[in-house]
Amino acid sequence: MTPADETREILDLAGIECAGKLVSYSPIDGKVIGRVTRGDPEQACARAAAAFEIWRNVPAPRRGELVRLLGERLREAKPVLAKLITLESGKIIQESLGEVQEMIDVCDFAVGLSRQLYGLTIASERPDHRMMEQWHPLGPVLVISAFNFPVAVWAWNAAIALVCGNPVIWKPSEKAPLCGEAVMTIVRRAMDRFGSAPEGLVQLVQGERDVGELLVDDPRIALVSATGSTAMGRDVGPRVAKRFGRVLLELGGNNAMIVCPSADLELAARAILFSAAGTAGQRCTTLRRLIVHESIADQLVARLRRLFAQVKVGDPRKSETLIGPLIDEASFKAMKKVLGGNIEQVEAVEGGFYVRPAIVEVGAQEGTVLKETFAPILYVLRYQELDEAIALNNSVPQGLSSSIFTLDLREAELFMSARGSDCGIANVNIGPSGAEIGGAFGGEKETGGGRESGSDAWRTYVRRQTNTVNYGTDLPLAQGIKFDL
Ligand code: UN1
């Protein structure tokens, strides 16, 4: 089968029609994969608002049943959807399968959650009174996702939003629109099986920035959950705040790993290779800064240089490939701006931008080291005292993920303590990327502060209501206030 036949087969199996003006290109060879139609934001918001009127009355465990069915359909579709992710985002097939697995996992999580949207009972200060707290559906949720996780990030949001009683509108990355179409086909299968989901409960709106802006500004959207660059978040955040909407921002990362003298260097080297070079450095959790104790730095860097030189860069559809292409030429240029003539392009598939992951030793954290360049560049810094390493970990504008490699309990605990890492994620003896869905995912500072996926991240998707009930025959006022005639 030629690559073109293979593409056609994937699109057929994914149930994608391919018409319209918006074009999707494959980073593998720069060729057109297919086309999609621009969506209608106004219509989508109206339909979502109507769906909310119905969906909020459906009992949460029943809403969970729809998500359970979605998980089932995703299991069936996993191999085909993974192939499409690889075609459209350029990530290797193993990682694409992992991405679909994240979707399935979060569906399972949300099904359980649909029976656990617990509120509190609170002791009232007044006799014969009871106080409680309930969590009600919030309203339509807009999910803006990026090319690098073209489907999983939608699922983290959609699965939770749906069990919480909210319709979902999805504006996928303009670099990965077909993945959105394929997921909608799967959603429709789940909805058909479910039987009674309101029309407009889950919608896809394709388009570029202008479409995103119309959705972001629409007062019918109760929550905007946006994943992407800090620049995007700086625009979206204030726009939503202006109309008192709610945001969940998951923006840039500049994630570090501290490697201490006691570290298991074999494990550390493997973790560094996956987290710095994997996904061609295009995860928001990608390892970008390695902070190594000076006593082991020469040894570790030499080992990493060997690994980086050997790692197979190439066509992500091939099982032996570990690093696929960059998403596009703009990405290549951004990497070249940092590396200059030291950038090493790899001849893999014509039309794609393939690069060898790079190691850059730096004396200080300044200039590009403070920025998130979405490419496989690993900066290496040396430290003497752990406090200095933690200060380096924290002194960047972003605060998503971080990690430490050490066998020393004191060092590990200090890193996770209140005076340790300032990031939303702090790992010990694993890299900063590849988080499980069970934890809350997100970070501080310029990463935007939002939390998605597991733990109690669901609380962003609901509104809190405090209830005070008087079951007595008197009317005592709070704070002992007397107000009688
Ligand atoms: C992202 O890059 O936007 O922790 C999400 C990870 C993945 C998700 C990354 N589970 O690397």
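Residues numbered from 1 in each chain as written. Predicted model: local features only at pLDDT ≥ 70, side-chain atom pairs only at ≥ 80, totals over all residues.

Looking up the chain in an unreviewed UniProt entry gives the name aldehyde dehydrogenase (NAD(+)), with the organism given as Sphingomonas limnosediminicola. UniProt, in its Subunit (unreviewed entry) section for the chain, records the words "Homotetramer." According to UniProt, the comment filed for the chain under the heading Sequence similarities (unreviewed entry) is "Belongs to the aldehyde dehydrogenase family." (UniProt positions renumbered as here; feature names shortened; annotations may be inferred.)

Its place among the elements puts glutamate 133 in strand β4 (residues 129-137). The sequence separation of glutamate 133 and threonine 468 amounts to 335 residues, and the corresponding C-alpha distance is 8.9 Å. Among all residues touching glutamate 133, those that are not within four sequence positions of it are Gly119, Leu120, Ile122, Arg464 and Thr466. (Helix = DSSP H or I, 4+ residues; strand = E, 2+ residues; numbered from the N terminus. Contact = placed C-beta atoms within 7 Å.)

The subject of this paragraph is the packing of helix α3 (residues 60-89) against helix α4 (residues 93-113). Two numbers describe how α3 lies on α4: the axes approach to 8 Å, and their chain directions differ by 175°. Looking at the two axes, α3 sits roughly antiparallel to α4. On α4, the residues touching Gly64, Val67, Arg68, Leu70, Gly71, Leu74, Arg75, Lys78, Leu81, Ala82, Ile85 and Thr86 of α3 are Ile93, Ser96, Leu97, Glu99, Val100, Met103, Ile104, Cys107, Asp108, Ala110 and Val111. A per-class count over the contact of α3 with α4 returns 14 nonpolar, four polar and five charged. (Axes fitted to C-alpha atoms, helices over the stretch in contact; angles between N-to-C directions. Parallel < 35°, antiparallel > 145°, perpendicular 65-115°, else oblique. Nonpolar A, V, L, I, M, F, W, Y, C, P; charged D, E, K, R; others polar.)

Moving on, we get to the site of the ligand. The environment of the ligand is formed by Glu102, Asn148, Phe149, Val153, Thr227, Arg283, Cys284, Thr285, Ser433, Gly434 and Ala435. Tallied by class, residues from the shell around the ligand come to four nonpolar, five polar and two charged. (Near = placed C-beta within 6 Å.)

The pairing of strand β1 (residues 22-25) with strand β2 (residues 32-36) spans four bridges and is classified as antiparallel. Bridged to valine 23 within β2 is arginine 35. (Pairing = 2+ DSSP bridges.)

Overall, the predicted model of the chain reaches an average pLDDT of 97, with 100% of residues at or above 70. This complex was scored by the predictor with a pTM of 0.97 and an ipTM of 0.98. (pLDDT = per-residue confidence, 0-100.)

Residues Cys107 and Ala159 are the most contacted members of the largest nonpolar core, which totals 136 residues. Top element by residues in this core is α3. It accounts for 12 residues. Discounting residues that sit within four places of it in the chain, alanine 159 has contacts with Val67, Val106, Cys107 and Ala110. Residues Leu400, Cys423, Ala435 and Phe441 belong to the second largest nonpolar core, which totals six residues. (Core = buried A, V, L, I, M, F, W, Y, C linked by C-beta atoms within 7 Å. Buried ≥ 20, exposed ≤ 12 C-beta atoms within 10 Å, placed from the backbone.)

Further remarks concern the UniProt feature "active site" (unreviewed entry) in the chain. Within this numbering scheme, the UniProt entry marks Glu250 as carrying the feature "active site" (unreviewed entry). Mapped onto the secondary structure, glutamate 250 falls in strand β9 (residues 246-250). In this structure glutamate 250 comes out as buried when scored by C-beta crowding, with 30 C-beta atoms within 10 Å. Look past the residues within four positions of glutamate 250 in its chain and what remains in contact with it is Thr227, Cys284, Gly442, Thr447, Gly448, Gly450 and Glu452.

The next thing to look at is the sheet that holds β9. On the basis of which strands lie adjacent, the open sheet formed by five strands has the order β7-β6-β5-β8-β9 and parallel pairing. Only two strands of the sheet have a single partner each, and these edge strands are β7 (202-204) and β9. Strand-to-strand, the axes of this sheet are offset by a mean angle of 15°, without reference to chain direction. In the packing of helix α7 (residues 209-217) onto the sheet, contacts are made with β5 (141-144), β6 (168-171) and β8 (223-227), and the angle to β6 comes to roughly 155°.

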